[in-house]
Amino acid sequence: MSTGLHLDLPFYAQVINLLAAMLLLLSFAMLAQRRILSLINLFMAQGVVLFASTAVVAAATNQHHLYWSALITLVLKVFLLPWILHRLIRRLNVKWDIETLINIPTTMMIGLVLVIFSFNLALPISALAGTITRSTLGIAMAAVMLAFLMMITRSKAVPQVIGFLAMENGLFFAATSATYGMPMVVELGIALDVLVGMVILGVFFFQIREQFDSLDIRHMEKLKDD
Amino acid sequence: MNTAFSVILQFLELVTALLAAPLLTGWVNQCRAWLGNRTAPPLFQFYRQLAKLFEKEVVLAANASSLFRAAPYFIFACMALASMIVPTLSTEPPFGPAADAIALVGIFALARVFSALAGMDIGTSFGTLGARREMLIGFLAEPALLMVFFTASLISQSTSLSTIVQALGQREFAIYPSLAFAGVAFTMVSLAENARIPVDNPTTHLELTMIHEAMILEYSGRHLALIEWAATLKLYAYSCLGLALFFPWGIPEGTGFANLLVALPALVFKLAVGGFLLALIETVSAKLRIFRAPEFLGTAFMLAVLAMLVHLLLETAK
Amino acid sequence: MPGAQGLLSIDWMVLVIAAWLAIGIGAIFAPRNFPYISRVLYPAGALVGLLLAVAAFAALNQTPETMVLPLGLPDLPFHLRLDSLSALFLMLLGACTAGISIFAAGYLRKAEGTAPGVQCLQYHVFLASMALVLLADDAYAFMVAWESMALSSFFLVTSDHRIPEIRRAGYLYLLIAHVGAISLLLCFGVLQGNGDAGVAGYTFANMRGIDHNAFWSSAAFGLALFGFGAKAGLLPLHVWLPEAHPAAPSPVSAMMSGVMLKTAIYGVLRVGFDLLHHPLWWWGVAVLTLGLVTALFGVIFAAVQSDMKRLLAYSSIENIGLLFVGIGLTLTFQSFGMRALAALALTSVLYHCLNHAAFKSLLFLVTGSVLHATQTRNLGKLGGLIHYMPWVAWLGLLGVLSSAGLPPFNGFVSEWLLLQAFLFTPGLPHGYINMMIPVAAAAVALTAALAGYVMVKFFAVIFLGQPREAKLNQAHDAGRLERSGLVWLAALCVALGLFPVFVIEKLDSVTRLLLGTGIYQAAGEAARAHGWMYLAPISPDRASYAPVVFLLSILVIVAAAYLIVRRFWHIRVRITGAWDCGFPMQTARMQDTAEGFGQPLRQVFEPFYRMTRELPSSFDKAPVYRVVVEDHLWYWLYLPVAKVTEFGARMVAFLQQGRISIYLLYSFVTLVVLLFLIHG
């Protein structure tokens, strides 16, 4: 009836497309979110989406190591990291609204431009790729860029870390959707890196606060004068 | 298709809408009360309220113009027409070709303009405040709604609502990620347009937080009844629209009494669930400050635009 | 179809021009005879306009007719040509003139600057030159007509030339008009090719025949866009509009906004599709982007105005932006060979030209009536006029609803067509453009919604609420002549809104001329399946809209509701004071002012405005709040340019020594240098 319908895609590819869309949706929700608490919950939801998409890819392509990375995602990004973050903000007592450097609608508008940019960037690459989930590459790139944008526009340290973690989510999604995942060793390494990075940043938070009495990283501008 | 039958069906749709709309609002209010751990008003409370208002005489401000007196009728007519155009019981209402999705947005806009003008007519501080805020909500909600329709139109290659619903409902099972975005955007727009909680509070009469209520403050008697009825019709039309776009199952393609027997229970069931979800959203969220509302709707607008982009990326055959 | 007495259509057009000139000259002989001018000459002009509209309507479907007028310089006669495109715009001119001239007959007063007779001459020369612009078939005739149009409208804008602001506005208008005219001159220079054709090279027939390469055609198009954009008010050349419109008398504003801006659209269409043949895709994208920016800018600024004519001027900028969006879309589709879609987009442009001409003229005339009744253009001093001027208010309401793009009025039809053109964009062979289309559609939708906001503000602040000044209760309704002008334009709005199918069928001949196909031709019988009631430009399955059914069902429901309420209950009314939540001390000053109503948008779109606020301190006994909203472009573009120009002028002033012998020396040196160069 029309060119818009794409009934020829297999079912799991459609599910992955849906999950990709949800990842993007969550990235945008993070961009628009002011509360740190909701930000962590959104990050957790991203973890769930990643877990689901990795599991679906694993089931569809019958690659067993992907089940393992799905499991790691589940443990690390749905349970462990959000738990650490929750603890952190409770200890630091920073549940209040974040002020953004640019107002939210403008940020979203920039985000929209970034999405168009990354979709177009991904078009030729996905045309080359032979995997079933190739069109999701654009979304993965968009998710990375949006996370980057979020890091740029937030002035507090905790949201920046969440942005950093969300960026890693995007990369991870790109890896699973475009190449069916990385080798297990690399994946474990990255997982460990993220975890260690998180811990170190956690320590930093306390240090920053002790130094400046605030988690507003704009205070760091003062360091320049030294 | 039997023309006489389809006209009867159309009439039936209108009557269903007129009767069911207050019921839907009553149901939402009931759910809200239950969720808030209060004693719920009866389901038919809204009819009694309408009957009472029609019974009462109109108290009119001395400097009201005839625009003020005509507006309730026009607002009511717009909403009734809207609920006739939205496919509820059949995908082929005879009024379908008269107005497509864009015209439907136009009807809502027409009603909004009339209510804003009426709100400004008496020249009271609250009336003008309400009108201004309503237009503020409207100018972002309208394009967002239009973009939601556009996403559905891109999928079905048509702006005609019946074709959209047919294409989405009678398709083979396929997942449209873009509809996820559109669905979120649509929910946000519906909340704003129906004066629901994150944006407006339908039950408030606290002066400073009113939007819709402030605008219709000067109305009384039958005028108020028509406006309130129109508001319930709007909620009904929006609900049916959401159901038709995102959960189009159970709207029969053809016409016939057998189909009607399927369509009516399906509609009632879906509306009941939808109404409960609406009450749930309202219960768990807090009202936004007025200047957060443009942000809220701006987000909806962006999401709707994203929906189209996602459609272009993921759902077009290359 | 030859007209009566064996005259060709184009002969009728020339007669119309001659008649307008004759009327103008007729006024010169009795410049102070007010009844003669207002009761005889202006109505006669209106009648001629009506005649023009009828003749042009009849000529819409004809094959082009040409004519050579024995005027102009030796060997350089005026070439005229009447094709469907000219006929359409002539029809627009005639139809608007009929309404505006009748209004002007009742509107113009004795004591307003220029003598009425001179003003009448200027007005009719303005009309005649616009008609000549639309008929011209060579660059020379076009430029002559274009310049007389600019000059006559300049004199009309400065009718009240004793007021310094009006002189300033006129100067700005003249300046920008001439910068644009230079650009047009250069454009025609590029278009005429390498000059092999000699003097005949300046005819449009010759320009059509030349196939320019990509560079020269882009140069020509760019120059045309700049030149016509300056007349139309395309960003960043829009600054004259909000200055000139408030300065001009209302009928002149109506004529300028309703018709003169359309001659610029005509020019872009003429150059872009007729004289140049192969549009490049990036022209389309550039025009689309410019149009979008202009439209959004216009509407955002319209929302914060507190002078009713400035508000309408910004709203005109918005509409011009939307027209350019449509033109950009047409160019893009045409460059990719998608003719059916190009035809759809172009139809929306042409339709919107007609719509905007009708509703904007109407609204400007409404402001004129309000201005006469109340002596103020300031929205902050109006209010409640619906009680004193019901005719103007209700006709204005029609214009407002049309302008806000609400069904079933005319603004909605063209908005609908434009959105359809956006929506049925199948995969364009270019990723970025493909993804830009939804964003552009979103921006158009946003603009349309904002236009609703602006129009509610315009109408509600002027006509509704309580009068903000005590003297407003002496306001009187428009007179009979004014009223009939308003009725005519409002009727056009309604007719264009209710019967789009008739009009669009007529527009087919124009799109066929410019693009080689029309939407009815492209869609075939499918589009006509539902008959005249249903507008279904592609096929009824895809999209359809039936304004008549729409209006009738609303009216039926209204009537039914009224009758039922009356039958089962009662229609008793008790009149008292306003309730206002029980607030006891209400005054007219507690309503929203124009600034107040625009305040939410001022907050949402804050970065777009250059705002200067004066806030009173909390201890102020007589607090004054003032906010001035200006345009960033003044400071970012115009003032720097002005500074550079001034600096350059000061440098050149060094040459001016004031002694004759030095000036003679200049001439002598020039002569010697030239002789040397020729020799070398």
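So, how was this worked out
- Residues numbered from 1 in each chain as written.
- Chains lettered and ligands numbered in written order.
- Predicted model: local features only at pLDDT ≥ 70, side-chain atom pairs only at ≥ 80, totals over all residues.
- Heavy atoms only, no water.
- Pairing = 2+ DSSP bridges.
- Helix = DSSP H or I, 4+ residues; strand = E, 2+ residues; numbered from the N terminus.
- Core = buried A, V, L, I, M, F, W, Y, C linked by side-chain atoms within 4.5 Å.
- Buried < 20%, exposed > 50% of the residue type's maximum accessible area, 1.4 Å probe, protein only.
- Contact = heavy atoms within 4.5 Å.
- Salt bridge = Lys/Arg side-chain N within 4 Å of Asp/Glu carboxyl O.
- Patch = residues over 30% accessible without salt bridge, like charges linked within 9 Å, V, L, I, M, F, W, Y side chains within 5 Å.
- Areas by Shrake-Rupley, 256 points an atom, 1.4 Å probe, with all protein chains shown as cover.
- Buried area = accessible area lost by both parts, 1.4 Å probe.
- Polar contact = N/O pair within 3.5 Å; in protein donor to acceptor, adjacent residues only side chain to side chain.

A closer look at the pairing of strand β2 (residues 76-82) of chain C
Turning to step 1, where the next piece is worked out: Where strand β1 (residues 65-73) of chain C meets β2(C), six bridges bridge the pair, whose relative direction is antiparallel. Note on β2(C): the bridge partner recorded for L69(C) is F78(C).

Concerning the nonpolar core
Turning to step 1, where the next piece is worked out: Counting 427 residues, the largest nonpolar core has L24(A), F89(C) and F142(C) as the members making the most contacts within it.
Turning to step 2, where the next piece is worked out: Beyond its immediate stretch of four places on either side in the chain, F89(C) contacts L134(C), K262(C), I265(C), Y266(C), L269(C), L350(C) and C353(C).
Turning to step 3, where the next piece is worked out: Ranked by size, the runner-up nonpolar core spans five residues in total, among them F126(B), L129(B), M210(B) and L217(B).

Re the pattern of salt bridges
All names here are of chain C.
Turning to step 1, where the next piece is worked out: Per the counting criterion, the structure on display carries 16 salt bridges over all chains.
Turning to step 2, where the next piece is worked out: Between R208 and D137 there is a salt bridge; the shortest N-O distance is 3.7 Å. Remark: D137 occurs in the loop between α4 (116-135) and α5 (139-157) and R208 occurs in helix α7 (residues 204-209); sequence separation between them is 71 residues. Taken as a pair, R208 and D137 share a single burial class, namely buried.
Turning to step 3, where the next piece is worked out: The salt bridge partner of E243 is R310, with a shortest N-O separation of 3.5 Å. Of the two residues, E243 sits in helix α9 (residues 240-247) while R310 sits in helix α12 (residues 308-335), which places them 67 residues apart along the sequence.
Turning to step 4, where the next piece is worked out: Look at E243 and you get buried, because its relative accessible area is 19%.
Turning to step 5, where the next piece is worked out: For R310, a relative accessible area of 23% corresponds to the partly exposed category.
Turning to step 6, where the next piece is worked out: Residues participating in the shared-partner salt-bridge network are R81, D83, D137, R208, R270 and D274.

Focus on a nonpolar patch on the surface
Residues and elements named next belong to chain C.
Turning to step 1, where the next piece is worked out: Where nonpolar side chains cluster on the molecular surface, the patch consists of L665, F668, V669, V672, V673, L674, F676 and L677 and spans about 790 Å² of accessible area.
Turning to step 2, where the next piece is worked out: Tracing the sequence through the fold places L665 in helix α23 (residues 660-679).
Turning to step 3, where the next piece is worked out: Accessibility expressed as a relative area gives 47% for L665, which makes it partly exposed.

Concerning the interface of chain B and chain C
Turning to step 1, where the next piece is worked out: The interface is formed by 78 residues belonging to chain B together with 74 residues belonging to chain C.
Turning to step 2, where the next piece is worked out: Counting the surface lost from both chain B and chain C, the interface buries some 6700 Å², and carbon and sulfur atoms represent 73% of this.
Turning to step 3, where the next piece is worked out: Joining chain B to chain C, the criterion identifies two salt bridges.
Turning to step 4, where the next piece is worked out: Here D592(C) ties to R132(B) by a salt bridge, and the two come within 2.5 Å at their closest N and O atoms.
Turning to step 5, where the next piece is worked out: Viewed at the interface, chain C and chain B are joined by 23 residue pairs in polar contact (both at pLDDT 80 or more).
Turning to step 6, where the next piece is worked out: Within the residue set of the side of chain B that touches chain C, elements represented by two or more residues are α2 (45-55), β1 (58-61), α3 (66-85), α4 (101-121), α5 (125-156) and α11 (293-314) of chain B.

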